[in-house]
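Chain by chain, the residues run as shown.
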Amino acid sequence: MFNADAFINEAVEDLKKKIQGNAIIACSGGVDSTVAAVLVSRAIGDRLLTIYVNTGFMRKGEDEEVRKMLTDLDVNFQIIDASEEFYAALKGVSDPEKKRKIIGEKFIRIFERSAKEFNAEYLVQGTIAPDWIESGDGVRDTIKSHHNVGGLPEDMNLKIVEPMYDLYKDEVREVARALNIKVSERQPFPGPALAIRVIGEANREDVEIVRDACAIVEEELEKASAEGKMVRPWQYFAVLLPCQSVGVQGDNRAYGKTIAIRAVESIDGMSAAYSRIPYEVLDKISMRITREMKQNINRVVYDITNKPPATIEWE
Amino acid sequence: MRVYVVDNGGQWTHREWRVLKYLGVETKIVPNNTPPKDLDVDALVLSGGSPHVSVESNKMGLNSEYIDSLNIPILGICAGFQFMCSHLGAELRPAEIPEFGQATLIIDEYNELFSNLPKSFTVWESHNDEVTNIPEGINILAHTENCAVEAIKVKDKPLYGVQFHPEVENTEHGADIFKNFLSIVEAWKK
């Protein structure tokens, strides 16, 4: 079985040896990168600068939550607002692999600038096994380029350090619990964030739509779980589909977009089954989305595909 | 006990490594072109992978040499299983109905690989091709609704293969199948 305490001791010792001088860490406020930040901070203390990038694709209220979390964590941190840059880079891009690679490269360019200022040679990432497995390599097919692996530009000059390279999410959570990290049970959220939950071009307008829909899905599923109507799924969110359909709203014809609800059960993200959400909970989500978001959305569907053949995220 | 995982490029190769590690054996993932003489191991797992084994056997590296020359227990999984079967005379073809995700395994013949397992349980699949025309010399151990050959044992040799993925969390009794395989390895060493 996995021994979190042994892992922590080994990782901290290893990081002490590996990192000579300063390092920066890319932290999204999720479990993986926060665990990595705490491990490295234990190893090298203030020689680590934690960086949170606001890409413009984060969820509702997330920027503030992460600021508070990093403050509580008592690490040396910096918040960078790069949303203009990200939206500009993704303008007109609809291919999911291109989107992921552009986002990966943008992150690195931003980190390179911060690293220069902080005089750091190392970039620490919260990369875990599914990131490099799915990004592909000489023998493995590329399922999707995770921004922190397959999305890295070739001409980067930072040395990458990935203390959790061989771990899966369930193991990272065990480490997070052993380290008393508050976000240990937070649901997974992809690095490219809402940009890959808008199918097609991730423009501000569509990201705003999917942000609202994600918030409703999260609120309702968390509420239903708290009330004991269901167990909180492993991951749950909304995806904005580019297809329009005809509807009727108050005797008026509607021609709006579609939201897909996605919720899955998994242990490690490498295989997953769609969640059996009770109908009454799905009803509530559907009604809220089509009413509160009637300007844009007039149809809600539930994704009933397992992984494989689907992946958890749509892009 | 030392059991290595031969990497044929599978999405779940590293999962096989994790299951073996959790079961307390010494394990490592090795490329599939590792010369057999460099493999000082008690057993091997041949991982799955993206190659269509029937037309891309060149991507299966030295799997054939491991099967022919090592004389140790080997468990082939998915592409590793398909390669093992085709190398020993079976045919591969694109599955009429491929299996992705959930399927129900039905055990047809109990042997040491499936000991103490129920007659039928949920397994996770991910394959486009399937094995057919199994020659004499190979026993079929299990099937699913859409796939007639889900598990095999080579008669007179410690070679086993499964089309489904026991290393995946969604597969029921997956770790038990690995445990059974390790018991086979233990017995073979004696």
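Data block above holds the structure.
What you see is a predicted model, and the numbers here were worked out from it, not measured in a lab. (Residues numbered from 1 in each chain as written. Chains lettered and ligands numbered in written order. Predicted model: local features only at pLDDT ≥ 70, side-chain atom pairs only at ≥ 80, totals over all residues. Heavy atoms only, no water.)

A.B. asks: Describe the overall build of chain B, with residues and values.
C.D. replies: A tally of regular secondary structure across chain B gives 4 helices and 9 strands. Taken from the N to the C terminus, the helices and strands of chain B come in the order β-α-β-β-α-β-α-β-β-β-β-β-α. Against the 2.2 N^0.38 benchmark of 16 Å for 190 residues, chain B shows a C-alpha radius of gyration of 15 Å, consistent with a compact globule. Its C-alpha atoms give chain B principal-axis dimensions of about 40 × 35 × 30 Å. Among the 190 residues that make up chain B, the fraction classed as buried is 57%. When contacts within chain B are restricted to residue pairs at least 6 apart in sequence, long-range pairs at least 24 apart make up 71% of them. In the form shown here, chain B has an accessible surface area of approximately 7,600 Å², with 46% of it arising from carbon and sulfur atoms. When the 15 basic and 27 acidic side-chain charges of chain B are each reduced to a single mean position, those positions are 8 Å apart. (Helix = DSSP H or I, 4+ residues; strand = E, 2+ residues; numbered from the N terminus. Rg over C-alpha atoms; globule rule 2.2 N^0.38 Å. Buried < 20%, exposed > 50% of the residue type's maximum accessible area, 1.4 Å probe, protein only. Contact = heavy atoms within 4.5 Å. Areas by Shrake-Rupley, 256 points an atom, 1.4 Å probe, with all protein chains shown as cover. Lys, Arg positive; Asp, Glu negative; His and termini not counted. Charge placed at Lys NZ, Arg CZ, Asp CG, Glu CD.)

A.B. asks: Explain the nonpolar core residue by residue, including any values.
C.D. replies: If you look at the biggest cluster of nonpolar residues, it comprises 98 residues, and the most contacted ones within it are V35, L39, F57 and F111 of chain A. Composition of this core by domain shows at least three residues from each of domain 1 (4–188) and domain 2 (197–302) of chain A. Counting 31 residues, the second-largest nonpolar core is a separate cluster that includes V25, L113, F114 and F164 of chain B. (Core = buried A, V, L, I, M, F, W, Y, C linked by side-chain atoms within 4.5 Å. Domains from an automatic or database assignment.)

A.B. asks: Tell me about the pattern of salt bridges, residues and numbers included.
C.D. replies: Residues and elements named next belong to chain A. For the structure shown, the criterion picks out 46 salt bridges over all chains. Note that R59 and E218 form a salt bridge whose closest N and O atoms lie 3.1 Å from each other. Residue R59 is located in the loop between β2 (48–54) and α3 (62–73), and its partner E218 is located in helix α8 (residues 204–226); the two are separated by 159 residues in the primary sequence. One exposure class covers both R59 and E218, and it is buried. The salt bridge partner of K159 is E121, with a shortest N-O separation of 2.5 Å. (Salt bridge = Lys/Arg side-chain N within 4 Å of Asp/Glu carboxyl O.)

A.B. asks: Describe in detail the side chain of S47 of chain B, supporting the description with residues and values.
C.D. replies: All names here are of chain B. Along the chain, S47 turns up in the loop between β3 (43–46) and α2 (63–69). You can call S47 buried: its relative accessible area is 0%. Reaching out from S47, the side chain makes a polar contact with the backbone nitrogen of N8 at a distance of 2.8 Å. Those residues in contact with S47 that sit more than four places away from it in its chain are V5, V6, D7, N8, G9, G10, T13, E16, I77, A79 and G80. (Polar contact = N/O pair within 3.5 Å; in protein donor to acceptor, adjacent residues only side chain to side chain.)

A.B. asks: How would you explain the environment of E222 of chain A if you had to name every residue and give the values?
C.D. replies: Residue and element names in this part refer to chain A. Its place among the elements puts E222 in helix α8. The exposure class of E222 is partly exposed, given its relative accessible area of 36%. It is 8.9 Å that separates the C-alpha atoms of E222 and P233, two residues lying 11 residues apart in sequence. In this structure, E222 is in contact with R232 and Y236, ignoring residues within four places of it in sequence.

A.B. asks: Talk me through the packing of helix α1 (residues 4–18) of chain A against helix α2 (residues 31–44) of chain A; I want residue IDs and the actual numbers.
C.D. replies: All names here are of chain A. At a minimum axis distance of 8 Å, the contact between α1 and α2 shows a crossing angle of 55 degrees. One finds that α1 runs oblique with respect to α2. Considering only the axes of α1 and α2, their crossing is right-handed. Where α1 abuts α2, its residues F7, I8, A11, V12, L15 and K16 lie against L39, V40, R42 and A43. (Axes fitted to C-alpha atoms, helices over the stretch in contact; angles between N-to-C directions. Parallel < 35°, antiparallel > 145°, perpendicular 65-115°, else oblique. Left-handed = near helix turned anticlockwise from the far one by under 90°.)

A.B. asks: Which residues make up helix α1 (residues 13–22) of chain B, and what values go with them?
C.D. replies: All names here are of chain B. Summarising burial for α1: 8 of the 10 residues are buried, a large majority. T13, H14, R15, E16, W17, R18, V19 and L20 are the residues of α1 that are buried. At the exit of α1 stands G24, carrying a positive phi of roughly 85 degrees.

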